[in-house]
Structure formats: structure tokens, C-alpha cells
Amino acid sequence: MKVLVSVKRVVDYNVKVSPKADNSGVNLNNLKMSLNPFCEIAVEEAVRLKEKGIVEEIVVVSIGPQEAQEQIRAALAIGADRGILVKVESDTELQPLAVAKCLKEVFHREQPNLVLMGKQSIDGDNNQTGQMFAALANLPQGTFASELSVNPTHVTVTREVDGGFQTLQLTLPAVITSDLRLNEPRYASLPNIMQAKKKPIDETTPKELNVDSSPRFSIVSVDFPPERQEGVKVSSVDELLEKLKNEAKVI
Amino acid sequence: MNVLVIAEHDNNEIKGSTIHAIAAAYQLGGSVDLLVAGLNCSTAATNGAKIEGIAKVLLADSQPYENQLAENIAPLIQQISNKYSYILMAATTTGKNIIPRAAALADAQPISDVISIVNKDTFKRPIYAGNVIATIQSNDKIKFMTVRATAFESVLKESSPTAIEVIEKSFDLGKSEFIKNDTVFSERPELTSARVIISGGRGMLNEKNFKLLENLADKFGGAVGASRAAVDSGFAPNDMQVGQTGKIVAPDLYIAVGISGAIQHLAGMKESKIIVAINKDPEAPIFKAADYGLVADLFDVIPELVEKLVV
């Protein structure tokens, strides 16, 4: 079985971002970039399926700037076999619909049995690409997955939904988007990082894939959220209860 | 400029989150229709038809729509979408599962987690875990959106029932099968609709101590939540998580107990009307967001609160 995993290069989750001085976007200069945490979980799941003998080949694809090679290498170091970079200009970011269209083309070229991806990227927080790609490729979708079980024809997926869990059985090929609890990704070992440098990465572009990547929305401004005003400190439970009753009037 | 809201329901009642989405739809103007898709859901459609301001209810009652599988609902939405300028759902796990799939079929770029409608094509939404807010202008002809329920206040009123139009066409991708739901049963209200929420963080030290918070929540008839740190430490199940990666809540009263106040937690609760923070670390960032802060050991304070509280 062959698995395609898509990964995204994003600002590291430990970095606190701020708007640009002219509020035209987010200031990304000189920030630490990483593999999107949800994508990392998707890669880890693919590698575990390979270790169980269910999967033979793992192909990693990223749609991003030249620098996204670093994130493809990171996925190769976890255990993926080869990479594909769908290269875009470094000052443009494709919107989820265009990314989904690129993935559809890569899917048709590679013909994988299963596609694993993160449920959302921690920059745009859209939570869309997997569902859109599944729609365009006419595939079933198992979003927000916390548990998978794969056999040669089907995948059974447990989804994290409001109020509990939902279990679905999907016919392969299928699209799975990972939630946080699917697994805990391993750290890549130094030998694996060295080995990953020798693994092949092919390059293509949205244009070569015949994808219309024109933006569908524009960013008017990016701002900090309004600050909540700091309140008062109370010194005792009695004072707290008095305030909640007489001042806030919530009890 | 007509709006279609996709309802979530339990075959009988329209869910509260959908009522909030309808409130957002009214801000967009135009006439607002409600799609009720499912199996044996005509009671939900009848109840939807009584919501004040709804122009008409579209009822798609067919086996493939049972459990609201995105694979089957999305083509239904796409088929009727050209009559509308906006397609809305609440930004619940169901809405996030369905709307992007329907949008892609209609070649539209959806807008997730809308918290404010600026004008007919401009919307605000949080990005980077709520660290910044983006204002975006969409140039799609049909705008598919999920809206954050807590950002749109609903005043649900009943009126005399409007028309229900039945959609006979049924779509079935035939590639996904529902197996089961494991609903976490609780006597307490759901986090997203509770008037009072008591949340615990890493300061709770273990799972057993969450019982203290349950005692307090019971006095309020409230819900119990948890921070991501508490969930990751195994003190509480994930469906209790409040924050950017969990549930977004906005109760009248939110009491954060032993929670430091990481940005990702604040993103999930800072719209609460009154926030109380109880933490023994006076430097904890949660105090910056709290209306009332009490620097004290939670293991002294919570039992005292339970004892003294008269609701």
C-alpha cells in the first residue's frame, strides 16, 4: 500500500507572531519555521503503518516556497521515503482551495491508497484543505482522526467530534486528517536525519500541474485582538462572592 | 443576497449552535432559509420552521443523510447553492467537516471561524491561535462560511410556522459508512451552552482533584472544563478542553482554577462575560484576563467556595 502525506511549513508553534507595522499581514521575518504539528502527526501515523507492514511506500508532498524542502526533509527523517515539492514564489501563499487542487493533481499522478494530512495548519487555522481535496478527488474523508485501523480495502477511523467520538468506515482510497491525539510523533534520530538528505525530492509547480492558484480573498488588515481589561485582585473567598453577587451580578 | 443556513439537529430539535449561525445570517441581510438534512428529521424541520425570521425550511429526509456524513450532504448543498449568496454553518466539528467539502464542489474558497461580519464581503476571523485577527475580503460569488457561535448572540423567538419545502433528490457517494457514536454522557450542561463553567489546569495535579471542580460546578448547575495542559497531563478527557484547539466558550461566569493562562487557553474563553482566576502564582498571565483574581491555594479555596456559595 502507498500513502501520500501532505505537510506544511509554518511558523513554529512556540513563536508569538505580531502584525506588520502597516497591518497588511503577519510579520514573518526571521522567525523560526517548522513542520506544522498536525502534519507531523500525519507523517508519524504513516511511518507507524509502514512499521506494521501495512504500508510499503510513503510519499511526502508540500505546496510551498523553496524553503519548504526543509520540512519535507524533516518528514523524510521521521521515515517517509521520498518527497515532492510543489513550488510557489516565496512571497505568495496559496489559499486552501488552490492547495487542494494541487493535491488532487499529485494524487492522480501518484495513485496512493491513503492520504494523510493534518486537520489544520497553525498559521491560517482554516481546517479546510483535507475536506476540499477529498471533495475534488471524489474521495471519502475521515477528519479530526484520533484512531485509525487500516486493511487492504478500508480504513476505520475514530473522529473527535463535539460531545465525544464518531467511528466511520471508509473505502480506500480515502483522506484522513489528523487530530492531536492520533499519536505522539517521535524525534528523528541523527542517523535518520543524515539518511534523509539522500532521499529524493522531486519538484513541480502549480502551473505545471495546470492549477489555477489565483487568490479568492484578500487580506484587508491583520490586528491584535482587543485586550481584555485587567480586573481587580480580591483577598478572600468572602470578598470574591460579594463581588460576584453585588458587582458582577452573576450569582 | 439570500442566505442558506445548514442546520445541525438531533432529528427533533435544532441545535443551539445553529441558532447562533442564524443570528449571523440575519446580520448579512436578505432572506434566510434553513436546510434540515437527515433521516426521519421532519420534527426538526417543523421546529426549524417556527424560528422567527426563517423564510423557508428545506427538508431533505433520506437515508444517505443520516448522521450528516459530509460526503453525502456536500453535493446536496452544492446543488442548491446557486440560489444563495451565502452558505452558513456554525463552526462546530460538523460544520467544519461539511462546509469546506461543499465549497470545493462549488469552486469556492470557504471562510472559517468568522467572528465578525464587517460588510457584505468582509469578515474577521482569528488566525495564529487567536494571537491576531485577520480582516479578509472575499471575492467568491457564493460565500461559504463557518461562524463561531459565541460571537453571534442569539435571541431565539418562536413565530407562526413558515413553509417547509421537501427536497426529493438524494446523493450518496457510497464510500463512507457510519459505524457508531460514542457520546460522552454527562449530567451537566454542554460546555458550549453552559451559563457557568469551572475549568481546571495543571494546578489540579491529578485527575481525582477534578472532583473538587465538579462539586463547585454542581452548585452552579454549570459545566466543567479543562486547559490543554490538564488534558495533555491526562487529568481530563479531550472533550473537556477549552481553548483554540478545544472548545470556544463564552459563559456568563468562567472560573479558571489552577490555570496559568496560556494564549491558546485564553483564545477559547476570553469572550466570557465575567472571568475569575484562582491561582497561587501571582504572576500567572491568567490574572491579566480576569475580572476578579484570587491569589490562593485552590485546595483551600474551592472547598470554601462550595461551602459558602448560595445560588
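Since the structure is predicted, the reported quantities are computational estimates derived from the model, not experimental observations.

Moving on, we get to the overall build of chain B. On a plain count of helices and strands, chain B comes out with 9 helices and 16 strands. Over its C-alpha atoms chain B spans a radius of gyration of 21 Å, differing by no more than 12% from the 19 Å that the globule rule assigns to 311 residues. Counting only C-alpha atoms, chain B reaches 60 × 40 × 40 Å along its principal axes. Expressed as a percentage of its 311 residues, the buried residues of chain B come to 59%. Across chain B, every contact between residues at least 6 apart in sequence was considered, and the portion connecting residues at least 24 apart equals 65%.

Attention now moves to the overall build of chain A. Counting its secondary structure elements, chain A contains 6 helices and 13 strands. Overall, chain A is about 65 × 45 × 40 Å in size when its C-alpha atoms are taken along their principal axes. Counting contacts in chain A only where the partners sit at least 6 residues apart, residues at least 24 apart contribute 69% of the total.

Here we come to the nonpolar core. Counting 186 residues, the largest nonpolar core has Val5, Val43, Ala46, Val60 and Ala75 of chain A together with Val5 and Leu88 of chain B as the members making the most contacts within it. Here this core spans two domains, since at least three of its residues come from each of domain 1 (3–166) and domain 2 (191–308) of chain B. Those residues in contact with valine 60 of chain A, other than ones at most four positions away along the chain, are Val5, Val7, Val43, Ile72, Ala75, Leu76, Ala80 and Gly83 of chain A.

Quick look at the packing of helix α3 (residues 96–110) of chain A against helix α4 (residues 129–136) of chain A now. Residues and elements named next belong to chain A. Direction vectors running N to C along α3 and α4 enclose 50°, while the axes themselves pass 8 Å from each other. Between α3 and α4, the angle is such that the two are oblique. Two packed elements cross with a definite hand, and for α3 against α4 that hand is right-handed. Contact residues: Pro96, Leu97, Val99, Ala100, Lys101, Leu103 and Lys104 in α3; Thr129, Met132, Phe133 and Leu136 in α4.

Okay, unusual backbone geometry next. All names here are of chain A. Leucine 172 connects to proline 173 through a cis peptide bond whose omega is 0°. Locating proline 173 in the fold gives a position in the loop between β9 (164–171) and β10 (174–178). Phi is positive for asparagine 23, close to 60°, though the residue is something other than glycine. With respect to the helices and strands, asparagine 23 occurs in the loop between β2 (9–11) and β3 (33–35). The backbone phi angle of asparagine 127 is positive, close to 55°, even though this residue is not glycine. Mapped onto the elements, asparagine 127 comes out in the loop between β6 (114–118) and α4.

Another aspect to go through is the domain arrangement of chain B. Residue and element names in this part refer to chain B. What the domain assignment lists for chain B is domain 1 (3–166) and domain 2 (191–308). Averaged C-alpha coordinates put domain 1 and domain 2 at centres separated by 31 Å. Across the contact, 9 residues belong to domain 1 and 10 residues belong to domain 2.

Right, let's talk about the sheet that holds strand β6 (residues 116–119) of chain B for a bit. Judged by pairing direction, the sheet is antiparallel, and its 4 strands sit side by side in the order β12(A)-β8(B)-β7(B)-β6(B) without closing on themselves. Only two strands of the sheet have a single partner each, and these edge strands are β12 (217–223) of chain A together with β6 of chain B. Within the sheet, the average angular offset between the axes of one strand and its neighbour, ignoring direction, is 30°. The sheet contact formed by strand β7 (residues 122–127) of chain B and strand β8 (residues 132–138) of chain B spans 6 bridges and is antiparallel. The residue of β8 of chain B that forms the bridge with proline 126 of chain B is isoleucine 133 of chain B.

With that out of the way, let us pick up the sheet that holds strand β4 (residues 57–64) of chain A. The mixed open sheet is built from 10 strands, whose spatial order is β11(A)-β5(A)-β4(A)-β1(A)-β6(A)-β10(A)-β7(A)-β8(A)-β9(A)-β11(B). The open sheet has two edge strands with one neighbour each: β11 (201–204) of chain A together with β11 (176–183) of chain B. Between one strand axis and the next, the sheet turns through 30° on average, direction left out of account. Pairing of strand β1 (residues 2–7) of chain A with β4 of chain A involves 6 bridges; the strand directions are parallel. Following the sheet pairing, leucine 4 of chain A is matched in β4 of chain A by valine 59 of chain A. The sheet strands contacting helix α1 (residues 37–51) of chain A are β1, β4, β6, β7 (141–150) and β10 of chain A, and the helix crosses β6 of chain A at an angle near 145°.

So, about the interface of chain B and chain A. Taken together, the 66 residues of chain B in the interface contact 62 residues of chain A. Across the side of chain B that touches chain A, the residue classes tally to 31 nonpolar, 18 polar and 17 charged.

With that settled, the discussion passes to the packing of helix α3 (residues 70–80) of chain B against helix α4 (residues 93–105) of chain B. The relative placement of two packed helices is expressed as an angle between their axes plus a distance between the axes. Residue and element names in this part refer to chain B. Two elements in contact, α3 and α4, have axes separated by 8 Å at closest approach and are oriented at 50°. Taken together, the axis directions place α3 and α4 in an arrangement best described as oblique. Regarding α3 and α4, the two cross each other, and that crossing is right-handed. For the pair α3 and α4, contact is made by Ala70, Ile73, Ala74, Pro75, Ile77 and Gln78 and by Asn97, Ile98, Arg101, Ala102 and Leu105, respectively. Class assignment for the residues of the contact of α3 with α4 results in 8 nonpolar, 2 polar and 1 charged.

What follows covers the environment of glutamate 283 of chain B. Relative to the helices and strands, glutamate 283 of chain B is located in the loop between β15 (274–279) and α8 (286–289). Considering only alpha carbons, one finds glutamate 283 of chain B and alanine 91 of chain B, 192 residues apart in sequence, at a separation of 34 Å.

Moving on, we get to helix α5 (residues 210–220) of chain B. For an α-helix the count is 3.6 residues per turn, leaving residues at separations of three or four pointing the same way. Residues and elements named next belong to chain B. For α5, every residue scored as buried is listed here: Phe210, Leu212, Leu213, Leu216, Ala217 and Phe220. Here the buried residues of α5 occupy an arc of 145° about the axis, which is enough to place them on one side. The inward-facing, buried residues of α5 contact β12 (196–200), β13 (223–226), β14 (253–257) and α9 (298–308). Where α5 terminates, the next one or two residues include glycine 221, which has phi positive at roughly 65°.

Residue and element names in this part refer to chain A. Of all 5 residues in β6, 5 are buried; the element is thus mostly enclosed. Side chains Leu114, Leu116 and Gly118 project from β6 onto one buried face, and the interleaved Val115 and Met117 project onto a second face that is buried too. Two elements, β1 and β6, share 3 bridges in a ladder whose sense is parallel. By the bridge assignment, leucine 4 is partnered in β6 with valine 115. Of the strand pairs in this sheet, β6 and β10 are connected by 5 bridges, and their pairing is parallel. Bridge pairing links glycine 118 to serine 178 in β10.

Calculation criteria
- Residue numbers restart at each chain and count upward from 1, following the sequence in its written direction.
- Whichever chain is written first becomes A and whichever ligand is written first becomes 1, with later ones labelled in order.
- For this predicted model, a pLDDT threshold of at least 70 governs which residues receive local features, and a threshold of 80 or more governs which side-chain atom pairs are given and counted, while totals over whole chains, interfaces and linings are taken from all residues.
- Counting from the N terminus, the helices are the DSSP runs of H or I reaching at least four residues and the strands are the DSSP runs of E reaching at least two.
- Our radius of gyration is a C-alpha quantity, and the globule rule it is checked against amounts to 2.2 Å times the number of residues to the power 0.38.
- Here a residue counts as buried when 20 or more other C-beta atoms sit within 10 Å of its C-beta, as exposed when there are 12 or fewer, and as partly exposed otherwise, the C-beta atoms being derived from the backbone.
- We call two residues in contact when the distance between their C-beta atoms, placed using the backbone, is within 7 Å.
- Linking buried Ala, Val, Leu, Ile, Met, Phe, Trp, Tyr and Cys residues through C-beta atoms within 7 Å yields a set, and such a set is a nonpolar core.
- The domain boundaries here were taken from an automatic or database domain assignment.
- Between N-to-C directions, angles cover 0 to 180 degrees, with each direction set by a line fitted to C-alpha atoms, over the stretch in contact for helices.
- Angle categories: roughly parallel below 35 degrees, roughly antiparallel above 145, roughly perpendicular from 65 to 115, and oblique for all the rest.
- Crossings are classed by handedness, with left-handed meaning an anticlockwise turn of the near helix from the far one by less than a right angle and right-handed meaning a clockwise turn.
- In this scheme, strands are said to pair when DSSP sees at least two bridges between them.
- Under the grouping applied here, Gly and all other residues not named as nonpolar or charged are polar, the nonpolar ones being Ala, Val, Leu, Ile, Met, Phe, Trp, Tyr, Cys and Pro and the charged ones Asp, Glu, Lys and Arg.
- The directions from the helix axis to the C-beta atoms are what the arc is built from.

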